[in-house]
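# Structural overview
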Amino acid sequence: MKAANFEHHEPTSVSKAVSLLESLEEPTILSGGQSLVPMLRFRLARPDTVVDINGIDELDYLHEEGGYLKIGALARHADVEDSELIEERYGSFADTVPLVADPQIRNRGTIVGSVAQADPKGDWGSVLIAHDGEVVATGPDGERTVPIDELFLLPYDTSLDEDELITEARVPIPVEREGSAYHKLKRKTGDYAMAGVAARLIFDDDGRIEDAGIGMTAVDITNVRASDAEERLGGERPDPELFAEAGELAAEQSNPESDEHGDASYKERMVEVLTQRALGDAAERAGVIKRRVSP
Ligand SMILES: Cc1cc2nc3c(=O)[nH]c(=O)nc-3n(C[C@H](O)[C@H](O)[C@H](O)COP(=O)(O)OP(=O)(O)OC[C@H]3O[C@@H](n4cnc5c(N)ncnc54)[C@H](O)[C@@H]3O)c2cc1C
């Protein structure tokens, strides 16, 4: 099916985009189009106006600056895939990107569009949660930062105002003795997650866990933080029993639904296993254990 008619605007700067968003009635932003275009074609979305941000070159970046890895709104999944910086320093990002959809979708879809879509099955929200990430929302009153935990309200619903766009997603640059990982269970290549877990661990000089971040995919109505598991890990030395306990706590905090891919208890068990694996890889990448601790 073809999309219903809509007005198409192509601003070439963030300020022009914000003016358009402010002046238009219920505008919809288009970035990679990998979620929006199918919704338009199936007429699940029928906006009168679309603000296409693809001509805003200033949003096309992926770099470290001012203590953050900064991901501009036009950085595609493929840019993360091709980045040596990501490969060398951001284990969870490098794990995630080949697991997102297929190469065609990764060539156009963006990380920022993915979090703006607020699909509980989206992988990047969990990665940003694990890294204590935030997004920069730009609107008529300027920029504000929104911690990722405050962005997701409901499936496909965020705390953004209608006249705001996300210009950037960012995470703190890794410190010494930090490691991260993402594990995802899916039926076949290209599928969305049945369950996914991102983990990030920072260790102190003594080899104890100083900070832990764990984000979960597809097991609640939004991407969610496994805060009980994070708390349990604080101050401890990494070992398989500890990671198993954290896995149990993450599973308890998850809230998956039974569907054609598996019942809720099966998915909870998967959260347990994926959490252990992600924590094991994160600890190994931080350089504090030699072998992956996995069940
Ligand atoms: C077959 C298929 C399989 C997929 N598999 C996966 C998967 O395994 N894992 C995964 O994580 N994702 C998956 N995706 C989603 C994919 O990653 C999309 O690229 C992503 O969800 C949307 O990014 P986009 O840049 O294409 O955004 P768009 O489709 O352009 O926009 C999506 C939504 O976000 C809003 N938006 C976009 N940019 C902004 C912005 N800068 N500020 C505010 N709002 C904005 C739009 O208005 C729209 O509501 C899949 C998609 C498809 C079609």
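Here, the structure is the one placed above.
Every chain begins its residue count from 1, and numbering advances along the sequence as written. Only residues with pLDDT of at least 70 are given local features in this predicted model, and only at 80 or more are side-chain atom pairs given and counted; all residues enter the totals for whole chains, interfaces and linings. Side-chain calculation: all heavy atoms of the structure are included, whereas hydrogens and water are not.

## Details of the overall build of the protein
Strands here are runs of E lasting at least two residues and helices are runs of H or I lasting at least four, both read from the DSSP assignment and numbered beginning at the N terminus. Along its length, the protein carries 11 helices and 14 strands. Throughout, radius of gyration means the C-alpha value; the globule benchmark is 2.2 Å times the number of residues raised to the power 0.38. Expected size for 295 residues packed as a compact globule is a radius of gyration near 19 Å; at 19 Å, the protein falls within 12% of this value. Its C-alpha atoms give the protein principal-axis dimensions of about 55 × 45 × 30 Å. In this scheme, a residue with accessible area under 20% of its type's maximum is buried, one over 50% is exposed, and one in between is partly exposed, where area comes from a 1.4 Å probe on protein chains only. Taking all 295 residues of the protein together, the buried fraction comes to 52%. Throughout, a contact is declared for two residues whenever any of their heavy atoms are within 4.5 Å. Long-range contacts, defined as pairs at least 24 residues apart, comprise 64% of the intrachain contacts of the protein with a sequence gap of at least 6. Within this scheme the basic residues Lys and Arg register as positive and the acidic residues Asp and Glu register as negative, but His and the chain ends are omitted. Working definition for charges: the position is that of NZ of Lys, CZ of Arg, CG of Asp or CD of Glu. The positive charge centre, built from 30 side chains, and the negative charge centre, built from 60, are 6 Å apart in the protein.

## Some words on the side chain of Arg 170
Within the fold, Arg 170 resides in strand E10 (residues 165–172). Note on Arg 170: relative accessible area 14%, which makes it buried. Pairs of N or O atoms are called polar contacts if they sit within 3.5 Å, as long as, within protein, a hydrogen donor faces a hydrogen acceptor (for residues adjacent in sequence, only side-chain-to-side-chain pairs). In this structure the side chain of Arg 170 is engaged in a polar contact, spanning 3.3 Å, whose partner is the side chain of Glu 168. Dropping the residues within four chain positions of it, Arg 170 is found in contact with Tyr 68, Leu 69, Lys 70, Gly 133, Glu 134, Val 136 and Thr 145.

## Comments concerning the site of the ligand
Throughout, the term near means that a residue has one or more heavy atoms lying within 4 Å of the molecule or strand in question. Near the ligand you find 32 residues, and of these Ile 29, Gly 33, Leu 36, Thr 110 and Asp 123 are the closest. Side-chain polar atom of Lys 184 to an oxygen atom of the ligand: 3.0 Å apart, as the coordinates give it. Relative to its unbound accessible surface of 970 Å², the ligand loses 87% to contact with the protein. Taken together, the elements giving at least two residues each to the shell around the ligand come down to strand E2 (28–30), helix H7 (111–117) and E10. Per element, the largest residue contribution to the shell around the ligand is five residues, and it comes from H7. For this classification, Asp, Glu, Lys and Arg are treated as charged, while Ala, Val, Leu, Ile, Met, Phe, Trp, Tyr, Cys and Pro are nonpolar and the rest, including Gly, are polar. Class assignment for the residues of the shell around the ligand results in 15 nonpolar, 14 polar and three charged. For every accessible area listed, the method is Shrake-Rupley and the probe measures 1.4 Å; residues are considered covered only by the protein chains on display.

## As for the pairing of E10
Summarising burial for E10: seven of the eight residues are buried, a large majority. Pairing analysis gives five bridges linking strand E5 (residues 68–72) to E10, with the strands arranged antiparallel. Paired with Tyr 68 across the strands is Pro 172, a residue of E10. Whether two strands pair depends on DSSP finding at least two bridges between them. In this sheet, E10 lies alongside strand E6 (residues 134–139) in antiparallel orientation, the contact comprising five bridges. Its bridge partner being in E10, Ala 137 is matched across the sheet by Ile 166.

## Structural notes on the sheet that holds strand E13 (residues 209–217)
Read across the open sheet, the four strands follow the order E11-E12-E13-E14; overall the sheet is antiparallel. If you trace the sheet from one side to the other, it starts and ends with strand E11 (178–185) and strand E14 (224–225), each paired once. Across eight bridges, strand E12 (residues 195–203) lies against E13 in antiparallel orientation. The residue bridging Arg 200 from the neighbouring strand is Gly 213, located in E13.

## Brief notes about the pairing of strand E3 (residues 49–52)
Of the two faces of E3, the one holding Thr 49 and Val 51 and the one holding Val 50 and Asp 52 are both buried throughout. Across three bridges, the pairing between strand E1 (residues 7–9) and E3 is parallel. In the sheet register, His 9 faces E3, and the bridge partner there is Val 51. Note that E2 and E3 share three bridges and pair parallel. The partner of Leu 30 across the bridge, within E3, is Asp 52.

## Overview of the sheet that holds E5
Read from one edge to the other, the open sheet built from five strands follows the order E4-E5-E10-E6-E7, with strand pairing classed as antiparallel. Unpaired on one side and paired on the other, strand E4 (62–65) and strand E7 (142–147) mark the two borders of the sheet. With direction set aside, neighbouring strand axes in the sheet form an average angle of 25 degrees. Bridge count for E6 against E7 is six bridges, and the pairing is antiparallel. Following the sheet pairing, Val 136 is matched in E7 by Thr 145. Each of E6 and E10 is contacted by helix H1 (residues 14–23), which is oriented at about 125 degrees to E10, the strand it contacts most. Lines fitted to C-alpha atoms define the axes here, with helix axes fitted over just the stretch in contact, and angles between the N-to-C directions of these axes take values from 0 to 180 degrees.

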